Amino acid sequence: MATEILMPALSPTMEEGTLAKWLVKEGDTVSSGDILAEIETDKATMEFEAVDEGTIGKILVPEGSEGVKVNTAIAVLVEEGESADDIATPAPAAEPATAAAPVDAQVDRAPAAPVAVVVPKETEIPEGTEMKATTVRVALRDAMAEEMRRSENVFLMGEEVAEYQGAYKISEGLLDEFGSKRVIDTPITEHGFAGIGVGAAFGGLNPIVEFMTFNFAMQAIDQILNSAAKTLYMSGGQMGAPIVFRGPNGAAARVGAQHSQDYAAWYAQIPGLKVVMPYSAADAKGLLKTAIRDPNPVIFLENEILYGQSFDVPQMDDYTVPFGKAKIWREGSDVTIVSFGIGMKYALEAADELAKEGIAAEVIDLRTLRPMDMPAVIESVKKTNRCVTVEEGFPVCSIGSYISSRIMMEAFDYLDAPVINCTGKDVPMPYAANLEKLALTTTKEVMDAVKAVTYR
Amino acid sequence: MAAKKSSKKPNVSKEELLQYYKDMLLIRRFEEKAGQLYGMGLIGGFCHLYIGQEAVVVGLEAAAKEGDKRITSYRDHGHMLACGMDPKGVMAELTGREGGYSKGKGGSMHMFSKEKHFYGGHGIVAAQVPLGAGLAFSDKYRGNDNVTFTYFGDGAANQGQVYETYNMAELWDLPVIFVIENNQYAMGTSVQRSTKSPSLWERGAAYGIEGEEVDGMDVLAVKAAGEKAVAHCRAGKGPYILEIKTYRYRGHSMSDPAKYRTREEVQKMRDERDCIEQVRDLLLTGKHATEDDLKAVDKEIKAIVNDAAEFSKESPEPALEELYTDIYMEAEA
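Residues numbered from 1 in each chain as written. Chains lettered and ligands numbered in written order. Predicted model: local features only at pLDDT ≥ 70, side-chain atom pairs only at ≥ 80, totals over all residues.

J.: Got a minute to help me understand the overall build of chain A in this structure?
T.: Across its full length, chain A carries 14 helices and 22 strands. Against the compact-globule benchmark of 23 Å for 456 residues, chain A has a radius of gyration of 31 Å, which places it well outside the compact range. Expressed along its principal axes, the backbone C-alpha trace of chain A runs to roughly 100 × 60 × 45 Å. Sorting the 456 residues of chain A into buried and exposed places 49% on the buried side. Partitioning the contacts of chain A with sequence separation of at least 6, the portion at a separation of at least 24 is 74%. (Helix = DSSP H or I, 4+ residues; strand = E, 2+ residues; numbered from the N terminus. Rg over C-alpha atoms; globule rule 2.2 N^0.38 Å. Buried ≥ 20, exposed ≤ 12 C-beta atoms within 10 Å, placed from the backbone. Contact = placed C-beta atoms within 7 Å.)

Written as structure tokens, this is what we have:
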């Protein structure tokens, strides 16, 4: 049976090209891999090889022809026993490939909307549960220890997590309890051990990878984004990476530009990641336990300044906090202050001071940035008609700017004032004490913002 | 076409030899068909063909056992076929259809099979190297004797994360075989133009990792080296490096005119060193098969590839709802 040889597409964007030169003539026998012609694309001249074997029965497009559309028949290949004379007229050009694709009626349908986040219930704290003042540091350690007791597949790796007991003492005591098989010191090699962690997660384990700080995770960003976050999608749901990347994020104190960045907005942008940034010790514990059990990659952003702060933690066997559920720390009717992580410190301090001046602020702790509990924010704004966001990150494309746009889209008619974003300043972190203070957001700035939106 | 006779005595049975011939031929015919479908616009984007390198994966798969894992770069079609993935599912992924291994959401560079322990299909050069060591870590953690074949090219061999991984793999005795598929060109840059190292496998010595160079056009040599590497890993001796000297006949991707080498260089390789011709020669001169037997094999392979191509055209495009699925796995209640 005669086979048409079609003008090939030789690049992702090629639609037509020049048939520069035939390297075979009518009557030549060819086998697969033989070069038939040279074809010029907009980028280069390419050799075009035969796929099938046979004899060149007829050349339909002469060399030197320009603007030959992809999938036009350029020659006819005949098999043994056939003759070029058998081909009376050139066969019509093949239909473009797109026509062959079964697009059916789908083109008329709008893509499905993203599935709404189903917010799970928070562990109920029974009446009479003992509350114990606990530092964020100990809460994080307890969360890891409990989950490591719960499942053999959970292990911790990172720089100084074992023998040194953690650069910030978050893993204190874990080596003693779980041994060196499950609490693993790595060399200083973030790109490498982040990749090994993701590979171990592909292999079915549940790694907790500690970055000494999230500044160093930039060395590993490719493994976090391209390997951990995207594999479930790229594999059509076959395999993902149940892994937690955790460590301190944001400014500490006087450590300069390279050690003082808040990466919340960076990670929150990536589909496939979950992003957590707790404020209190109870949330740190409950959210980290949830993160370790989650079958997806979780970015768990801690804060060095908060490590030593104490909060009440319920003394329960298995206290978990769900993702995607904001916590209302304080109810109020005059303004909604939305924050997360250490920003909550400024938000709560400002709310206390504002109360003395007769302004009742509602303070919302997002706790998780992806998924983000926007319904809680919108509901509150509908009540207060005003909103101030607070975070330590840079102002451009910040979490606050995203929240502002969502409020504009979903509660525009409820707003009595523009939303104000309190953020870190648009500068690398300076070292000098006075400049560093100026670069961070402050309680005073939050109070001023609230007064501005409430026209006081 | 005169193939250079292999100097090696076959260390395999007639059946095994015939199987390698079939496996390599399947990859070659599959890739030729993929190139054709690309030309027709049925396959889009990037498409990196494996033609010329078939002996590497077929030889190493001959040394693997159930439960062993494999991971590679974007030039991945051959690896998938060699580990037993269905040509239909692979081809339908290339055409971006529902019947593809990733439901059309991965494409040529991103396919996976949990069932066959194939962990991709990775598009960032060398990113699969620490991932492969991580897979090996999971086997060591569980205490089984499985190994992970971690494939990467001569180009990837200059990435820093390879050496970060070498260091930890040896430090922790991970059962990983680093397979450097040295096809001599990182896209258009030859090995000689990218490093002064006389060999790539010897770099492992700096980390205490053993290794060797292998003739990648000789499937039996690859198999023998693979068996040695596998035995090393299974015995708990840590990683092993195989630098397999191979050659790709086609461009880096479909849109590469390959002007960085001469047509004669490619033709010489095809004429004198072709991996499939070498086995064909062994089969015929050893009287393990007749010309007719091999013709029947050719026909059988052609039918498999044509079926895969047909399937890849007939399988529908993914439903539009698929845009928003597989981003997150449901957490257990």
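J.: Hey, could you run me through the overall build of chain B in this one?
T.: Looking only at helices and strands, chain B features eleven helices and eight strands. For 333 residues, the compact-globule estimate of 2.2 N^0.38 gives 20 Å, and chain B sits close to it at 19 Å. With the C-alpha coordinates of chain B rotated into their principal frame, the extents come out at 55 × 50 × 40 Å. Across chain B, contacts joining residues at least 24 apart in sequence account for 77% of those joining residues at least 6 apart.

J.: Any chance you could explain the packing of helix H5 (residues 128-142) of chain B against helix H6 (residues 160-171) of chain B here in plain terms?
T.: Helices that pack against each other are described as a pair by the angle of their axes relative to one another and the distance between those axes. All names here are of chain B. Two numbers describe how H5 lies on H6: the axes approach to 8 Å, and their chain directions differ by 20°. On the basis of the axis angle, H5 is roughly parallel to H6. The crossing of H5 and H6 is left-handed. Packed against H5, whose contacting residues are Val-129, Pro-130 and Ala-133, the element H6 presents Gln-161, Val-162, Glu-164, Thr-165, Met-168 and Ala-169 at the interface. When the residues that make up the contact of H5 with H6 are grouped by side-chain class, the tally is six nonpolar, two polar and one charged. (Axes fitted to C-alpha atoms, helices over the stretch in contact; angles between N-to-C directions. Parallel < 35°, antiparallel > 145°, perpendicular 65-115°, else oblique. Left-handed = near helix turned anticlockwise from the far one by under 90°. Nonpolar A, V, L, I, M, F, W, Y, C, P; charged D, E, K, R; others polar.)

J.: So what exactly am I meant to see when it comes to the domain arrangement of chain A here?
T.: Many authors give the size of an interface as the accessible area that is lost as the parts come together. Per the domain assignment, the segments of chain A are domain 1 (3-90), domain 2 (131-314) and domain 3 (327-453). Measuring from the centre of the C-alpha atoms in domain 1 of chain A to the corresponding centre in domain 3 of chain A gives 65 Å. (Domains from an automatic or database assignment.)

J.: Could you clarify how one ought to interpret the interface of chain B and chain A in this entry?
T.: Between chain B and chain A, the contact holds 55 residues from the first and 61 residues from the second. Counting only elements with at least two residues in the side of chain B that touches chain A, the list comes to helix H1 (14-39), H5 and H6 of chain B. Among the elements that make up the side of chain B that touches chain A, the one with the highest residue count is H5(B) (ten residues). For the side of chain B that touches chain A, a count of residues per class yields 26 nonpolar, 18 polar and eleven charged.

J.: Sorry if this is basic, but what is going on with unusual backbone geometry here?
T.: A negative phi angle is the norm for most residues apart from glycine, just as the trans form is the norm for most peptide bonds. Looking along the chain, the bond that leaves Arg370(A) and enters Pro371(A) is cis, with omega of 0°. On the secondary structure map, Pro371(A) appears in the loop between strand E20 (368-370) and helix H11 (374-384). Residue Gly121(B) follows Gly120(B) across a cis peptide bond; omega there is 25°. Of note in this structure, Asn71(A) is not a glycine but carries a positive phi near 80°. The backbone of Glu160(A) sits at a positive phi, close to 65°, despite the residue not being glycine. Mapping Glu160(A) onto the fold places it in the loop between strand E10 (154-158) and helix H3 (174-178).

J.: Looking at this structure, I do not really get helix H12 (residues 399-411) of chain A. What am I missing?
T.: Residue and element names in this part refer to chain A. Given a rise of 1.5 Å per residue, 13 residues ought to cover 18 Å, and the 17 Å separating the end C-alpha atoms of H12 matches this to within 8%. Looking only at H12, the buried set comprises Ile-399, Gly-400, Ile-403 and Ile-407. The buried side chains of H12 occupy one side of the element, clustering within an arc of 95° when seen end-on. Looking at H12, the residues exposed on the side facing more than 90 degrees away from the buried face are Ser-405, Met-408 and Met-409. If you follow the buried residues of H12, they end up packed against helix H7 (264-268), strand E18 (335-339), E20, H11, strand E21 (387-390) and strand E22 (420-422). (Expected span 1.5 Å × (residues − 1). Arc of directions from axis to C-beta.)

J.: Please clarify how the packing of helix H2 (residues 54-61) of chain B against helix H8 (residues 219-234) of chain B should be interpreted in this entry.
T.: Residues and elements named next belong to chain B. Running from amino to carboxyl end, H2 crosses H8 at an angle of 45°, the nearest separation of the two axes being 7 Å. For the element pair H2 / H8, the angle class is oblique. Remark: the crossing between H2 and H8 carries right-handed chirality. The residues of H8 that touch H2, namely those facing Ala-55, Val-56, Val-58, Gly-59 and Leu-60, are Val-219, Val-222, Lys-223 and Gly-226. A per-class count over the contact of H2 with H8 returns six nonpolar, two polar and one charged.

J.: Looking at this model, I keep getting lost on the sheet that holds strand E4 (residues 35-40) of chain A. Mind explaining?
T.: All names here are of chain A. Spatially, the four strands line up as an open sheet ordered E5-E4-E2-E7, and their pairing is antiparallel. The two strands at the open ends of the sheet, each matched to only one other strand, are strand E5 (45-49) and strand E7 (65-69). Geometrically, the sheet is characterised by an average inter-axis angle of 40° between neighbouring strands, direction not taken into account. Relative to E4, strand E2 (residues 16-22) runs antiparallel, the two sharing four bridges. (Pairing = 2+ DSSP bridges.)

J.: I'm lost on helix H11 (residues 291-314) of chain B in this one. Help?
T.: One turn of the α-helix equals 3.6 residues, which is why residues spaced by three or four share an orientation. All names here are of chain B. Here H11 is 24 residues long and its end C-alpha atoms lie 34 Å apart, about the 34 Å a rise of 1.5 Å per residue gives. The set of residues buried in H11 consists of Ile-301, Val-305, Ala-308, Ala-309 and Ser-312. Residues of H11 that are buried sit in contact with H1 and helix H4 (87-94).

J.: In this structure, what is going on with the nonpolar core? I would like to understand it.
T.: Across soluble globular proteins, nonpolar side chains show a tendency to be buried alongside one another. If you look at the biggest cluster of nonpolar residues, it comprises 228 residues, and the most contacted ones within it are Ile337(A), Val388(A), Val446(A), Val450(A), Met24(B) and Ile177(B). Top contributing element to this core by residue count: H1(B), with eleven residues. In contact with Ile337(A), not counting residues within four places along its chain, are Ala347(A), Ala350(A), Ala351(A), Ala361(A), Val363(A), Val388(A), Val390(A), Val446(A) and Val450(A). (Core = buried A, V, L, I, M, F, W, Y, C linked by C-beta atoms within 7 Å.)

J.: Would you explain the confidence of the model for chain A in this entry?
T.: Interpretation of this model should avoid reading the predicted coordinates in detail wherever pLDDT is low. Taken over all residues, the pLDDT of chain A has a mean of 91, while the share at 70 or more is 91%. Taken as a whole, residues 90-111 of chain A scores under 50 in pLDDT and shows 28 contacts with residues more than four places along the chain or in a different chain. (pLDDT = per-residue confidence, 0-100.)

J.: Explain the confidence of the model for chain B to me, please; I cannot follow it from the model alone.
T.: All names here are of chain B. This prediction gives chain B a mean pLDDT of 94; 96% of its residues lie at or above 70. In this model, residues 1-8 is a region of pLDDT below 50 whose contacts with residues beyond four sequence positions or in other chains number 19 contacts. In the predicted complex, the global pTM is 0.90; the interface-specific ipTM is 0.94.

J.: What should I look at first to understand the sheet that holds strand E15 (residues 298-302) of chain A in this one?
T.: All names here are of chain A. Pairing within the open sheet is mixed, and its seven strands lie in the order E11-E10-E12-E13-E15-E14-E20. Each having just a single partner strand, strand E11 (183-185) and E20 make up the two edges of the open sheet. Sheet twist, expressed as the average angle between the axes of neighbouring strands with direction ignored, equals 20°.

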